[in-house]
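Report on the structure
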Amino acid sequence: MSATTALPKDFLWGGAVAAHQLEGGWDAGGKGPSVVDVLTAGAHGVPRRITADVDPGEFYPNQVAADFYHRFREDIALFAEMGLKCFRTSIAWTRIFPRGDEAEPNEEGLRFYDELFDELLAHGIEPVITLSHFEMPLHLAREYGGFRSREVVGLFERFARVCFERYHTKVKYWMTFNEINNQMDTNALFLWTNSGVTIAPGENPTEVMYRAGHHELLASARAVAIGHEIDPSLQIGAMISHVPIYPFSCDPADMMAAVVANRARFFFPDVHVRGEYPRYALKEFERNGWDVGILEGDAAILAAGKVDYVGFSYYMSVTVKADAAKEADAADVVTGGLPGAVPNPHIEATEWGWPIDPVGLRYTLNVLYDRYQVRLFIVENGFGAVDTIAADGAIHDPERITYLREHIEQMALAVTQDGVELLGYTPWGIIDLVSFTTGEMKKRYGMIYVDRDNEGNGTLERRRKDSFEWFRRVIASGGAHL
Ligand code: BG6
C-alpha cells in the first residue's frame, strides 16, 4: 500500500481560493470597498500600488477578478465534477459590513454566502471558511488606521459573531486571519492587506506591526471564544504562511541564525495555539523599548481563545547564512525582509522566483506538529505558472501536476510515517484567480482555466486543464492514482 492510500477515509481533499481574488462584484449587493479594491496591478518585481481611494482612471484587477460572484453555480458544478470534498474560501468583510463600523449587517451580503454555502452543500462539498483573507473595509483602514486601533478589535468581533450565528449550521471549519504572520517582514503590501496599516515617516514598522498584530491576536482569540459559545462543535483554526527557514550549513552560526530567523514564522502561531506570548518576543519588546499595546486583561483574552487547529500555506522554503549580507530587501516577497537570505543550491525556483521544495512540506508538517501537537490543515499549496491553450483547445500543465504530485507524496509520508494528524489538503487557486502579490492573471494556479488576462480582457469562460482530470482521479482513488 502506498503512503497516500493510507490517508484517513474522511481526509478533506479540496481546493482553496479567497473572496477578493475570485469573486469580483466589488460593489455589487451593497458591498463596500476593501483595502484590495484600491490595489493596482503589478508584476514580478513590480510592486502593486495602493491608491488613496477608488480612482476611475486606474485598473484594479480584483474588482472583476474571475467573476465568481455571478458564476459560482457553474464553478461549483465543476468542483463537484472534480470530486472536491471541501472548498476553502473567505467571506468578504465588506459584503457584510460595507464600511466596517455599521451597527447592523448588510442582509444582501449575508444572503450571498447563504446561497454559496447551500450550493456547495447540495453538491456534497464542505465549505472551509476564512473570516478575513486580506480584505478589511477601506473605511477602517483610512479612518481608524486599521488594526493599529483597538476599536477595530470590537468591530471584527461583531463581524465574526454575525458570521458564526448565521452560518454555524452550514460551516464547521473556520479560520480567523489568513497568513497573519506574513506581515512580520513589514512589507508595505502585507501590512496594508493584513492589517490596514501604512507606516508614517519616522515610525518603526516592526513596532507598529506588533501593535496591529497584538490587536489581531486579541480579535482572533475573541472570535474563537464567541464561535465556541455559539456552537461548541465549530472548529476554529489559525491560518499561517509557513516558509521554513533552513540554515545554509551545519556551521553553528548558521544553525543559530536559522533558529532566530524562524521566530518570525512561529511568533503568531505560538500565541494562537498556546494562548500566551512567547518569552523570546517579550524579550524583543523589552530590548527595544517597544510598547505594543498589551493591556491588563489581554492575557486572559488570549488564554480563552486558543485555536482548535493550525491551517497553513506551504509554497517554498528559504535559507539563511549567518555571514551573508545582512541587508534585508523588504520589497522582495520571496525572501521578504529576511536578513542573511541566500539561494539554496539544492533547490530550483519557479518563473516568479519561488523555490520548489516538496520535502520542505513534510519537514513543515513535522516541525509544526512537534511544536504544537494540534491537528494541521494544508489550506494552500500550489504552482503559479503561465498556461497556454493548444490548437485543439487543451491546456497541458504537466509542471503543475508534477509539483502537486511531489508535494502530495511528501504530505502522505508525514501522515503515514511520521504520525502527523492532518485534516486535509486544499491546493491553492483550484480555479485561476488574481495573484495576490502581483495582481496578475497570468500567474495561474488553477486546474480550471479562466479566460481573462492581466489587462482585464477575456470572456471569463472556464476550461478544464489536464490537471483537472488528474486531480479528479487522485481524489476518486483516495490518493492511489498520483
Ligand atoms: C498566499 C495567499 O500568500 O499565497 C494567497 O494566502 C495568494 O492569497 C497565494 O494568492 C499565492 O500568492 P500569489 O502572489 O502567487 O498569488
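Before reading on, note that the structure itself is shown above.
Residues numbered from 1 in each chain as written. Predicted model: local features only at pLDDT ≥ 70, side-chain atom pairs only at ≥ 80, totals over all residues. Heavy atoms only, no water.

Right, let's get into the sheet that holds strand β8 (residues 318-320). What the three strands build is an open sheet, ordered β6-β8-β9; its pairing is mixed. Looking at strand neighbours, the two that pair on one side only are β6 (245-247) and β9 (341-342), the edges of this open sheet. The sheet contact formed by β8 and β9 spans two bridges and is antiparallel. Paired with T319 across the two strands is V342, which belongs to β9. Here helix α9 (residues 252-274) sits on the sheet in contact with β6 and β8, set at roughly 175° to β6. (Pairing = 2+ DSSP bridges. Helix = DSSP H or I, 4+ residues; strand = E, 2+ residues; numbered from the N terminus. Contact = heavy atoms within 4.5 Å. Axes fitted to C-alpha atoms, helices over the stretch in contact; angles between N-to-C directions.)

For the ligand, the set of nearby residues contains 14 residues, the closest of which are Q21, E179, T437, K443 and Y445. In this structure, an oxygen atom belonging to the ligand sits 3.4 Å away from a side-chain N or O atom of Y315. A total of 380 Å² of accessible area belongs to the ligand in isolation, and the protein chains cover 97% of it. The residue inventory of the shell around the ligand, partitioned by class, reads six nonpolar, five polar and three charged. (Near = heavy atom within 4 Å. Polar contact = N/O pair within 3.5 Å; in protein donor to acceptor, adjacent residues only side chain to side chain. Areas by Shrake-Rupley, 256 points an atom, 1.4 Å probe, with all protein chains shown as cover. Nonpolar A, V, L, I, M, F, W, Y, C, P; charged D, E, K, R; others polar.)

Here we take up unusual backbone geometry. Although it is not a glycine, F134 adopts a positive phi angle of roughly 60°. Structurally, F134 is set in the loop between β3 (126-132) and α5 (138-144). Although it is not a glycine, E179 sits at a positive phi angle of roughly 40°. Position of E179 relative to the elements: it lies in the loop between β4 (173-177) and α7 (188-195).

With that out of the way, let us pick up the packing of helix α13 (residues 398-416) against helix α14 (residues 466-476). As a packed pair, α13 and α14 sit with axes 10 Å apart at the nearest point and diverge in direction by 25°. On the basis of their axis angle, the class for α13 and α14 is roughly parallel. Pair α13 / α14 crosses with right-handed handedness. Between α13 and α14, the contacting residues are R400, I401, L404, R405 and I408 on the first element and D466, S467, W470 and F471 on the second. (Parallel < 35°, antiparallel > 145°, perpendicular 65-115°, else oblique. Left-handed = near helix turned anticlockwise from the far one by under 90°.)

Quick look at the nonpolar core now. W174, F267, M411 and F471 are the most contacted members of the largest nonpolar core, which totals 144 residues. Among the elements that line this core, the one with the most residues is helix α8 (residues 205-230), at 11 residues. Setting aside chain neighbours within four positions, we find W174 in contact with I91, I129, L131, C163, F164, Y167, L234, Q235, I236, G237 and Y309. Grouped together as the second largest cluster of nonpolar side chains are 10 residues, L12, M239, F377 and V379 included. (Core = buried A, V, L, I, M, F, W, Y, C linked by side-chain atoms within 4.5 Å. Buried < 20%, exposed > 50% of the residue type's maximum accessible area, 1.4 Å probe, protein only.)

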